[in-house]
Amino acid sequence: MWSDDEYTTASDSDGAAAAGPDGAVLLLPEEHENAAFNDDGFPTATSETQLEVEDSVRHMLHLARPHPSLMRRSHVSFIESGLRGLSRWWVSLDASRPWLVMWMLHSLDLLGHEISDTIKSRAVSTLSHCQCETGGFAGGPGQLAHLATTFAAVNALAIVGTREAFESIDRPAMYEFIMSLKQPDGSFVMHEDGEADSRAVYCAINTAYLLNILTPELVDRVGEYIVRCQSYDGGLSGVPGTEAHGGLAFCAAAAMYILGKMDMLDTDALASWAVNRQMAFEGGFQGRPNKLVDGCYSFWHGAIISMLEEHLSAKKGRRVLLFNHKPLQTYILTCCQGLRGGLLDKPDKSPDYYHTCYCLSGLSVSQHVYSRTPSGLVATLRGDMIGPDTNLVHPTHPAHNLRLERVVAMRTFYRAM
Amino acid sequence: MPFSASDWKDVVPVPQDDGVQPLAPIAYAQEYTEAMDLFRAVLLSGEKSARVLELTAFIIEANSSHYTAWKYRLDTVRALGSPLEDELKFVEEVAFETPKSYQLWPYRQAISDQLNQPQREIDFVGRILALDSKNYHAWAYRQHIVSKYDLWDSELEYIDGLLRDDVRNNSAWNQRFFVVSRRPAEFTAADLDAEVAYALSHIQKAPHNESAWNYLRGQASHCAVLLAARAHLLTVAAESCLS
């Protein structure tokens, strides 16, 4: 078993050596080269950038040890540093502060790093200062309520999981807020005069479900709207007619999954689209056909595949497995870990809190298989994990992206009210 | 500084109330803090004025995801009846800096929907797509313009050009499907033949191109749906004749 600090890249080997410094075997067999992108001798901008990314991934795969480790301690210290504060360059996220809190806390939660009572209290206080009188949460103190930051704040409070956290949410006002954003076609807008898309639908449905305020009026025509977002290639888009896209497809599929309406979609076409987003050479996922791999899609597509596995298994009465999980784990562990902690998009990019959250969430859904019981979703190990057993992170719910027990605790609290 | 602090002497700044020991606080640049302190005061007073346009411009240029600043700017433009042409120029400046901002596109739409200048909008999106031919927001906006102003025919030429540049541009393939399946003209058997031939001719250039195959498959199932609908209509018609 490798300890944290033994995961190092042999930077002095200039990439030519196929074996590690201790003569360890290759992580991947030479036949893996057959999976490289075939440009049919007809290069275009898409194929050229694709081949450049494959080169950088090939370099990382050659340098990696055969049993790559998740650098837990480094990731925890990266996140703890973010909780303390961010430099002025992060001003671009000044209207996304509940997102920052959610990404950081969920990452710690998946790693099994205990969140102290002080951090929990500070989280409730920080988020309460973003809560508007209208019920929703804003991107920062004094800003307008927004569905996406409401989603992030409610999920962050679910992770905190204390009575103080649950009681800080004004549910009657929240219900009015969500209903005020509902559109005649079944979609929701993000805020007054804002955009309507499947992302906003998911944020509304997830929030209403967790807070136990999911009324028939709120759900009305949501399924019909999402069905119109299914594209000719089987994927799901933001608004009807636009291109299917990993992040938006997750939102659309998760909304349907929460509502128990998966069968309104063409699930076979969705499954085919989602599994084909996994890159044959890199092992990670792209967001759309002919785009580049990005660590964040590990969760967006991984979660769609996990939801489909659970749904189709229950429907067919036999285990349906669709996830090619090992290449994804190899990609995350060898190409998406920053040397000083934090996870990232692809080699040569810098780590950030968004990619840390969604690379770890993707790792989680790739390590577990989900099945439904009367008391809720349960996770079992998928098996054949890449790297040592210490790489295992906690199972995350593929639709809510919260640890399973966080979903149950929040729902139970509001049901009792 | 793009907005002049001396113009704001009459306003008492409202500092951000983060509470005690907030998590993940951002160490703002001094000018951003000053601008936001004034903006919070404006939100409370409801002031709509030319200086508010300057202030929101500064905030949006520092952080183009600041949806509250965008929304308040729109309310201000509406209240003042300020020149919409200036707003289009403002959006263009922001768009070339941060073309992937979610917020600038609905703002652009709110302004341009009042102006009825389809060519200007198509040119604007074309310039953004020339920088990144797969910009998701730009394509969504383009679909709005094409539908609103009935620009279906010229759109196919544009897509042709993009696919000549890069046959693997999935966004362009999606746009072709959007046009062919949604334009008001009836989708005929000849259209289907043309689309199948179009996809096949591109598949021959690069047989491993998933986008072209997906398009071909999409047309096949689109056609199956149409044929099923037609068969159903014929059955209904036949039954009504026989009864």
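Residues numbered from 1 in each chain as written. Chains lettered and ligands numbered in written order. Predicted model: local features only at pLDDT ≥ 70, side-chain atom pairs only at ≥ 80, totals over all residues. Heavy atoms only, no water.

Chain B is annotated in an unreviewed UniProt entry as Protein farnesyltransferase/geranylgeranyltransferase type-1 subunit alpha of Polyrhizophydium stewartii. Its UniProt record, at the heading Sequence similarities (unreviewed entry), says of chain B: "Belongs to the protein prenyltransferase subunit alpha family." (UniProt positions renumbered as here; feature names shortened; annotations may be inferred.)

Per an unreviewed UniProt entry, chain A goes by Protein farnesyltransferase subunit beta and derives from Polyrhizophydium stewartii. Check the Catalytic activity (unreviewed entry) section of the UniProt entry for chain A; it says "L-cysteinyl-[protein] + (2E,6E)-farnesyl diphosphate = S-(2E,6E)-farnesyl-L-cysteinyl-[protein] + diphosphate". Here is the UniProt Subunit (unreviewed entry) comment for chain A, exactly as written: "Heterodimer of an alpha and a beta subunit."

Below, the discussion takes up the overall build of chain A. A count of helices and strands for chain A gives 16 helices and two strands. Its C-alpha atoms give chain A principal-axis dimensions of about 65 × 50 × 40 Å. Relative to its full complement of 417 residues, chain A shows a buried share of 63%. Contacts in chain A between residues far apart in sequence, at least 24 positions, make up 71% of those at least 6 positions apart. Surface exposure of chain A reaches about 15300 Å², of which carbon and sulfur atoms provide 52%. Each charge sign in chain A was given a centre, from 33 positive and 48 negative side chains, and these centres are 6 Å apart. (Helix = DSSP H or I, 4+ residues; strand = E, 2+ residues; numbered from the N terminus. Buried < 20%, exposed > 50% of the residue type's maximum accessible area, 1.4 Å probe, protein only. Contact = heavy atoms within 4.5 Å. Areas by Shrake-Rupley, 256 points an atom, 1.4 Å probe, with all protein chains shown as cover. Lys, Arg positive; Asp, Glu negative; His and termini not counted. Charge placed at Lys NZ, Arg CZ, Asp CG, Glu CD.)

Looking now at the confidence of the model for chain B. Residues and elements named next belong to chain B. Taken over all residues, the pLDDT of chain B has a mean of 93, while the share at 70 or more is 93%. At the level of individual helices and strands, chain B shows its lowest average pLDDT in helix H11 (residues 210-242), which scores 78, and its highest in helix H3 (residues 67-80), which scores 98. As scored by the predictor, the complex reaches a pTM of 0.93 and an ipTM of 0.92. (pLDDT = per-residue confidence, 0-100.)

Moving on to the interface of chain A and chain B. It is common to report an interface's size as the accessible area lost on association of the parts. Taken together, the contacts link 66 residues of chain A with 55 residues of chain B. The contact between chain A and chain B buries some 5100 Å² in all, and 51% of this surface belongs to carbon and sulfur atoms. The interface formed by chain A and chain B includes five salt bridges. A salt bridge links Lys71 of chain B to Glu192 of chain A; the shortest N-O distance between them is 3.7 Å. Counting the contacts that link chain A with chain B gives 42 residue pairs in polar contact (both at pLDDT 80 or more). At the level of elements, helix H1 (45-63), helix H2 (72-84), helix H3 (97-111) and helix H4 (117-128) of chain A are the ones that each hand at least two residues to the side of chain A that touches chain B. (Buried area = accessible area lost by both parts, 1.4 Å probe. Salt bridge = Lys/Arg side-chain N within 4 Å of Asp/Glu carboxyl O. Polar contact = N/O pair within 3.5 Å; in protein donor to acceptor, adjacent residues only side chain to side chain.)

Right, let's get into the packing of aromatic side chains. Residue and element names in this part refer to chain B. One pass over the structure, following the stated rule, counts 30 aromatic pairs over all chains. Ring geometry for Phe39 versus Tyr72: centroids 6.0 Å apart, planes at 85°, classification edge-to-face. On the criterion of sequence distance, the pair formed by Phe39 in helix H1 (residues 30-45) and Tyr72 in helix H3 is long-range, its members being 33 residues apart. Classification of Phe39 as buried rests on a relative accessible area of 1%. Here the aromatic rings of Trp152 and Phe178 are separated by 5.6 Å at their centres, their planes lie at 35°, and the arrangement is tilted. (Phe/Tyr/Trp six-rings, centres within 6.5 Å; stacked < 30°, edge-to-face > 60°.)

A few words on the nonpolar core. In terms of nonpolar packing, the biggest core is built from 135 residues, with Leu147, Phe188, Phe250 and Met410 of chain A touching the most fellow members. Other than its neighbours up to four places away in sequence, Leu147 of chain A contacts Phe177, Ile178, Leu181, Phe188, Val189, Met190, Ala200, Cys203 and Ala204 of chain A. (Core = buried A, V, L, I, M, F, W, Y, C linked by side-chain atoms within 4.5 Å.)

Attention now goes to the layout of surface pockets. What the second largest pocket holds in volume is close to 900 Å³. Taken together, 39 residues line the second largest pocket, and the ones lying closest to its centre are Glu195, Ala196 and Val239 of chain A together with Pro106 and Gln109 of chain B. Of all the secondary structure elements, the ones that give two or more residues to the lining of the second largest pocket are helix H10 (222-228) of chain A together with H3, helix H5 (104-112), helix H7 (136-149) and helix H9 (170-182) of chain B. Here the element with the most residues in the lining of the second largest pocket is H7 of chain B; it accounts for seven residues. For the lining of the second largest pocket, the per-class residue count stands at 18 nonpolar, twelve polar and nine charged. (1 Å grid on protein atoms, 1.4 Å probe; cavity = no way out; pocket = protein on both sides within 12 Å on 5 of 7 lines; lining within 4 Å. Points joined across faces, edges and corners; volume = space filled by probe spheres on them. Nonpolar A, V, L, I, M, F, W, Y, C, P; charged D, E, K, R; others polar.)

In total, this model carries 33 salt bridges over all chains according to the counting rule given. The partner of Asp197 of chain A in a salt bridge is Arg199 of chain A, with the nearest N and O atoms 3.3 Å apart. Notably, a salt bridge pairs Asp10 of chain B with Arg51 of chain B, separated by 2.9 Å at the nearest N-O pair. Here the residue Asp10 of chain B occupies a position in the segment before H1, and Arg51 of chain B occupies one in helix H2 (residues 50-62), the gap between them amounting to 41 residues. Note on Asp10 of chain B: relative accessible area 57%, which makes it exposed. The class of Arg51 of chain B is buried, set by a relative accessible area of 16%. In this structure, a network of salt bridges that share partners links the residues Glu85, Glu92, Arg108, Arg120, Glu121 and Arg127 of chain B.

Glancing now at unusual backbone geometry. The phi dihedral of Asn212 of chain A falls on the positive side, at around 60°, and the residue is not glycine. Topologically, Asn212 of chain A is positioned in the loop between helix H8 (198-210) and helix H9 (216-219).

Before going further, it helps to spend a moment on the packing of H1 of chain A against helix H14 (residues 325-335) of chain A. Residue and element names in this part refer to chain A. Interhelical geometry of H1 versus H14 gives an angle of 85° and a closest axis separation of 10 Å. In terms of their interaxial angle, H1 and H14 are classed as roughly perpendicular. Only Thr330, Tyr331, Thr334 and Cys335 of H14 make contact with H1, whose side of the interface consists of Val57, Met60 and Leu61. Looking at side-chain class alone, the contact of H1 with H14 contains five nonpolar, two polar and no charged residues. (Axes fitted to C-alpha atoms, helices over the stretch in contact; angles between N-to-C directions. Parallel < 35°, antiparallel > 145°, perpendicular 65-115°, else oblique.)

Under the 1.5 Å per step criterion, the end-to-end length of helix H6 (residues 118-131) of chain B is 20 Å for 14 residues, consistent within 8% with the ideal 20 Å. In the core, the buried residues of H6 of chain B are packed alongside helix H4 (84-97), H5, H7 and helix H8 (152-165) of chain B. (Expected span 1.5 Å × (residues − 1).)

Let us look at the packing of helix H12 (residues 267-275) of chain A against helix H13 (residues 297-316) of chain A. Residue and element names in this part refer to chain A. Their axes nearest at 10 Å, the elements H12 and H13 cross at an angle of 145°. Crossing hand, H12 versus H13: left-handed. The segment H12 lies against H13, with Thr267, Leu270, Ala271, Trp273, Ala274 and Val275 engaging His301, Ile304, Ile305, Leu308, His311 and Leu312. Among the residues forming the contact of H12 with H13, the class breakdown is nine nonpolar, three polar and no charged. (Left-handed = near helix turned anticlockwise from the far one by under 90°.)

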